[in-house]
Structures are given as C-alpha cells and as structure tokens.
Amino acid sequence: GVLETVPELGGIWVTPVNVEDLVDPIMTAISAPYDLDPDLNGTDIQGWIPVTNYREALQQIAFACGAYVTCSRAGLVQIKKTVLASEAVTFDYTVTKAQKSITNQSLTLKTLVTGVEVAAHNYVENTDVSELYNGTLAAGSHTITFAAPAHDLSISGATITESGANYAIVNVASPGTVVLSGEGYTDTTQVTGVYNGALDPNVPTNILSIDGGTLVNPSNVAAITQRVYDYCQQRYVQKVKLFAPTAEPGKSVLI
C-alpha cells in the first residue's frame, strides 16, 4: 500500500532485459528492501511501463514473469513465482483437522472461465514528431510527463537536463513559452487465446480478456495466456475458520 503512494516514471525496453536487472534499479531508487525469487532470474522483460506508481509497476512486472508480490509477515517486498495448486509437489503448510473449526466451513465454485484472451504489445520506434508540451513555465526546474513513450526529444525555451521514455526534466532560465517535441513509438497489438474446446455447446461462453499488460509481448504472450487460463481453472473456494493459522498469502496449503 505504501508503494502505491510513490510515483514511478516507468520506461520502455524495446530489446529484452532480465527481470533482475529491471527490478533492482527500481527498488534501489527508493531504498526499498526486496527479495526476488531465484526461479525468476533470467526471465526476459520487454515492453513499456507508463508513468504510474511503484505498486502498479511491480504489478506489470509480476504479470509478465508469472509472479506475485507480497509483504506478508516480512520487512521487505517479496516477488515470488506463482505456483498453481496442481503444480505443488510439496506444500508449505498442512492444515490439520485439529486446527479447523467443525462449523463455519463452506465450499463454493467460482464461475467457469471458458477461455482467456491476452493482448501482446510490440513497441517500435517511429519518426513521427509530435508536440509533447506547449505552454508557459516559470523560471526553474520542471518535470514534464508523457501519456505515451517518446524518443529523440527537442525543446525550445528551455534546456533538457534529464529525460526518459515517459518524461523530461527541463530547466527554464527565464519565464516564457516552452515547446517540447519528440518522436513516438508504434504499438502493434496481437491477441492470443486459450479456450476450453471440450465443453458442451450449451455451456455459456465466458471469455476473460486482458489488454492492459504493457510488458506482454509476442515472445511471452502464449505462456502468459496459458498461465492465466490455468489459474482461472482453480475454481474451488474453501472457507475455513482456523485456530492458530501459520499460513500466509501466496503459500501453498494442504487442507
């Protein structure tokens, strides 16, 4: 929740970068202690993170590499690999009969998801020049952020002291009109779907569509789509009142 209050300027990675090389400078910049699951090391990340906050930036990264983020019972941010119930060979915890209340238990079934469609984004530099900012600024330093990524910036009425794909920090010597321009990126999208083809034709179609994953790209979209589909097939919701529970969010539990 604290990370949601901290702004993050994002960036764009046209060529793949390892997740550990992406996460480390992001977290180090705010002196936030973290732990990245070694099983995630070497995972390629490619795409765009817009101007956002740290929590949403980590959400994009986690979604792209099949992870979840938790601070539960820890003094640091933990980025862990997601494990489906069907993949668990051993369990982190076992909840015994003695730990469960004989009342206050329920077992429900979530709505069937018959398919998942995920959009992949492919960002390519173009040479289309557009105005990113045009206005009057007072003397001093100002941060200008962009709604879409840009490159090869140019400016009049000020000087650029620092810039990235989503922002420019400009210094204005004397009050006046500042015009900032730059070239953009072309975002080509493609949708990949996984569907349950074994269902009776009379079963209502329920397709989950995801298009906001800006780090989903043509090279990882198939694996991500399958992972989301498999996750959605975990339909049983068991609610149990526990005595002295030791499990925490994200852990696998045998009940």
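I will try to describe carefully the structure that is included in this document. Along each chain, the written sequence defines residue order, and numbers are assigned to residues from 1. The predicted origin of the model limits local features to residues at a pLDDT of at least 70 and limits the giving and counting of side-chain atom pairs to 80 or more, whereas totals for whole chains, interfaces and linings rest on all residues. Just so you know, side-chain values use all the structure's heavy atoms and leave hydrogens and water out.

A closer look at the packing of aromatic side chains
Alright, step 1. Centres within 6.5 Å are what make two rings of Phe, Tyr or Trp a pair, Trp counting through its six-membered ring; a difference in plane orientation under 30 degrees is then read as stacked, over 60 as edge-to-face, and the rest as tilted. Evaluated as defined, the whole model comprises one aromatic pair.
Alright, step 2. Aromatic pair Trp48 and Tyr123: ring centres 6.0 Å apart, planes at 70°, arrangement edge-to-face. Highlighted residues: Trp48 in strand E4 (residues 44–49) and Tyr123 in strand E10 (residues 115–137), separated in sequence by 75 residues. Tyr123 shares its class with Trp48; the two are buried. Strands here mean DSSP runs of E at least two residues long; helices mean DSSP runs of H or I at least four residues long; both are numbered from the N terminus. Summary of the burial criterion: residues with accessible area below 20% of their type's maximum are buried, those above 50% are exposed, and those between are partly exposed, where the area comes from a 1.4 Å probe applied to protein chains only.

A word on the packing of helix H2 (residues 54–65) against helix H3 (residues 221–232)
The angle between the axes and the distance between the axes are what describe a pair of packed helices.
Alright, step 1. An axis is simply a line fitted to the C-alpha atoms; with a helix, the fit covers only the stretch in contact. Between two such axes, the angle follows the N-to-C directions and lies from 0 to 180 degrees. Following both chains from N to C, one finds H2 and H3 inclined at 95°, their axes separated by 8 Å at the closest point. With respect to their mutual orientation, H2 and H3 come out roughly perpendicular. Along its contact with H2, which presents Phe63, Ala64 and Cys65, the element H3 presents Ile224, Arg227 and Val228.
Alright, step 2. When residues are sorted by character, Ala, Val, Leu, Ile, Met, Phe, Trp, Tyr, Cys and Pro go into the nonpolar class, Asp, Glu, Lys and Arg into the charged class, and all the rest, Gly among them, into the polar class. Here the contact of H2 with H3 is composed, by residue class, of five nonpolar, no polar and one charged. Note on terminology: angles under 35 degrees are roughly parallel, angles over 145 are roughly antiparallel, angles of 65 to 115 are roughly perpendicular, and the others are oblique. Whether two residues are in contact is decided by their heavy atoms, any of which lying within 4.5 Å being enough.

What about the pattern of salt bridges?
Opposite charge on two side chains permits pairing when their charged atoms draw close.
Alright, step 1. The working definition used for a salt bridge is a side-chain nitrogen of Lys or Arg within 4 Å of a carboxyl oxygen of Asp or Glu. Under the criterion given, the structure shown has two salt bridges.
Alright, step 2. One salt bridge connects Glu4 with Arg55, and the closest N-O pair in it is separated by 3.4 Å. Residue Glu4 is found in the segment before strand E1 (7–8), and its partner Arg55 is found in helix H2; the two are separated by 51 residues along the sequence.
Alright, step 3. On the basis of relative accessibility, which here comes to 41%, the residue Glu4 falls in the partly exposed class.
Alright, step 4. For Asp35, the salt bridge identified is with Lys80, shortest N-O distance 3.3 Å.

Overview of the sheet that holds strand E7 (residues 77–81)
Alright, step 1. Criterion used throughout: strands pair if DSSP finds at least two bridges between them. Spatially, E3-E7-E6 is the arrangement adopted by the three strands of the open sheet, whose pairing is mixed. The sheet is open, and its two borders are formed by strand E3 (34–36) and strand E6 (67–70), each paired with just one other strand. Neighbour-to-neighbour, the strand axes of the sheet open up by a mean angle of 15°, direction not taken into account.
Alright, step 2. Taken strand by strand, helix H1 (residues 19–28) contacts E3 and E7, and its axis lies near 175° from that of E3.

Some words on the sheet that holds strand E15 (residues 176–195)
Alright, step 1. What the four strands build is an open sheet, ordered E12-E15-E10-E16; its pairing is mixed. Looking at strand neighbours, the two that pair on one side only are strand E12 (150–156) and strand E16 (207–210), the edges of this open sheet. Along the sheet, successive strands turn relative to each other by an average axial angle of 15°, direction set aside.
Alright, step 2. Note that E10 and E15 share 19 bridges and pair antiparallel. Residue pairing for E15: Gly115 is matched across the bridge by Tyr195.
Alright, step 3. Those strands touched by H3 are E10, E15 and E16, and its axis lies near 60° from that of E15.

A closer look at the nonpolar core
Alright, step 1. Grouping buried Ala, Val, Leu, Ile, Met, Phe, Trp, Tyr and Cys residues that are joined through side-chain atoms within 4.5 Å yields what is termed a nonpolar core. Residues Val19, Met27, Leu40, Ile45, Ile61, Cys65 and Ile79 are the most contacted members of the largest nonpolar core, which totals 23 residues.
Alright, step 2. Elements with a contribution of two residues or more to this core: H1, E4, H2 and E7.
Alright, step 3. In terms of residue count, the dominant contributor to this core is H2 (seven residues).
Alright, step 4. Formed by eleven residues, the second largest nonpolar core is a distinct cluster that contains Val116, Val118, Ala120 and Val194.

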